[in-house]
Amino acid sequence: MRKIHSYESDELIVNYDVQRCIHAKECVHGQPDVFDPRKRPWIQPGEAADPVELVRVIERCPTGALHYEWKQEGTPEQPPATNTVRVAANGPLYLSGRLQITLSGSEVLRDTRVALCRCGQSKDKPFCDNSHVEAGFADSGEITQGRLKPGDPEPGGTLEIALAVNGPLLLRGPAEVQTPGGTVVSGVSGALCRCGESAAKPFCDGAHKTCGFQAD
């Protein structure tokens, strides 16, 4: 069960998934009067002078821990035109776009922003929970080998992410993998490492078969 907390203003409901938050602090820096960890509750949307600006800040949350609902009329969050997988150095995979993730038990999550574990240590797989910090996970995020399968993507298509049992993240649909150094690899399918042991990170090279990685 997810721990979802909701906070309301006259215009908005702000939903906060505790487990998906890895303290990127985009919200704290963007609207410190609303998001203040020193206060209780730490989210107070009623203090926002401009709900439209608050919405913009929420949409910058890279993990999808924050989402919003308009109480009356309002434009819901629109996914970016391009599905991206941004590889963080020594950290997770930040995905944005039109995303569909099939979780264990056939539960399907449709979202626009998520952070997925690539160190293999998260206790909230497939989501990142910052375990890479304690584990000392080290990887530049640059591509040395591996790729996505090229193809003719459907404009605005959904990126489907499936979880191979004890194995990688399986991508199907248009996507761009972006590295910290600015390399961009595009394609329509591929497998991304989530055991942390691949020599071809961020892509899978089958290392999960020999390192004892276990995950639904």
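Description of the structure in this document. (Residues numbered from 1 in each chain as written. Predicted model: local features only at pLDDT ≥ 70, side-chain atom pairs only at ≥ 80, totals over all residues. Heavy atoms only, no water.)

### Some remarks on the overall build of the protein
For the protein, the count of helices and strands is 4 helices and 9 strands. In the protein, the succession of helices and strands from N to C terminus is β-β-α-α-β-β-β-β-α-β-β-β-α. When its C-alpha atoms are laid out on the principal axes, the protein stretches across 50 × 40 × 35 Å. A total of 216 residues make up the protein; the buried ones form 48% of that total. (Helix = DSSP H or I, 4+ residues; strand = E, 2+ residues; numbered from the N terminus. Buried < 20%, exposed > 50% of the residue type's maximum accessible area, 1.4 Å probe, protein only.)

### Section: the packing of aromatic side chains
The final tally for this structure, using the stated rule, is 3 aromatic pairs. Arranged with centres 5.9 Å apart and planes meeting at 55°, the rings of Phe 35 and Trp 42 form a pair that is tilted. Each member of the pair, Phe 35 as well as Trp 42, is classed as buried. Three or more aromatic residues joined by ring pairs make a cluster, and in this case those are Tyr 16, Phe 35 and Trp 42. (Phe/Tyr/Trp six-rings, centres within 6.5 Å; stacked < 30°, edge-to-face > 60°.)

### Description of the sheet that holds strand β2 (residues 12-17)
The strand order β1-β2-β3 describes an open sheet built from 3 strands, whose pairing is antiparallel. Two strands in the sheet have a free side with no partner beyond their single neighbour: β1 (4-8) and β3 (66-70). If you compare each strand with its neighbour and ignore which way they point, the axes differ by 25° on average. When β2 meets β3, the two strands line up antiparallel, connected through 5 bridges. Counterpart to Leu 12 in the pairing with β3 is Trp 70. Most of the contacts of helix α2 (residues 51-58) go to β3, to which it runs at about 145°, and overall it touches β2 and β3. (Pairing = 2+ DSSP bridges. Axes fitted to C-alpha atoms, helices over the stretch in contact; angles between N-to-C directions. Contact = heavy atoms within 4.5 Å.)

### A few points about the pairing of strand β8 (residues 169-178)
The side chains of a regular strand alternate between both faces of the sheet. In this sheet, β8 lies alongside strand β4 (residues 84-87) in parallel orientation, the contact comprising 3 bridges. Each residue of the ladder has a partner; that of Thr 84, found in β8, is Glu 176. Two strands pair when backbone bridges link them, and strand β7 (residues 159-163) and β8 are joined in this way by 4 bridges, in the antiparallel orientation. Among the inter-strand pairings, Ala 162 is bridged to a residue of β8, identified as Leu 170. Here β8 folds back onto strand β9 (residues 184-192) in antiparallel fashion, the turn holding 5 residues, of which Gly 182 has a positive phi close to 100°.

### Notes on the nonpolar core
With 22 residues, the main nonpolar core has Val 85, Leu 95, Val 114, Leu 116, Leu 159 and Ile 161 as its most contacted residues. Residue assignment for this core shows that the elements contributing at least two residues are β4, β5 (93-102), β6 (108-116), β7, β8 and β9. When residues no more than four places from it in sequence are discounted, the contact partners of Leu 116 are Pro 92, Leu 93, Leu 95, Ile 101, Pro 126, Phe 127, Cys 128, Ile 161 and Leu 169. Residues Cys 21, Phe 35, Ile 43 and Val 57 belong to the second largest nonpolar core, which totals 19 residues. (Core = buried A, V, L, I, M, F, W, Y, C linked by side-chain atoms within 4.5 Å.)

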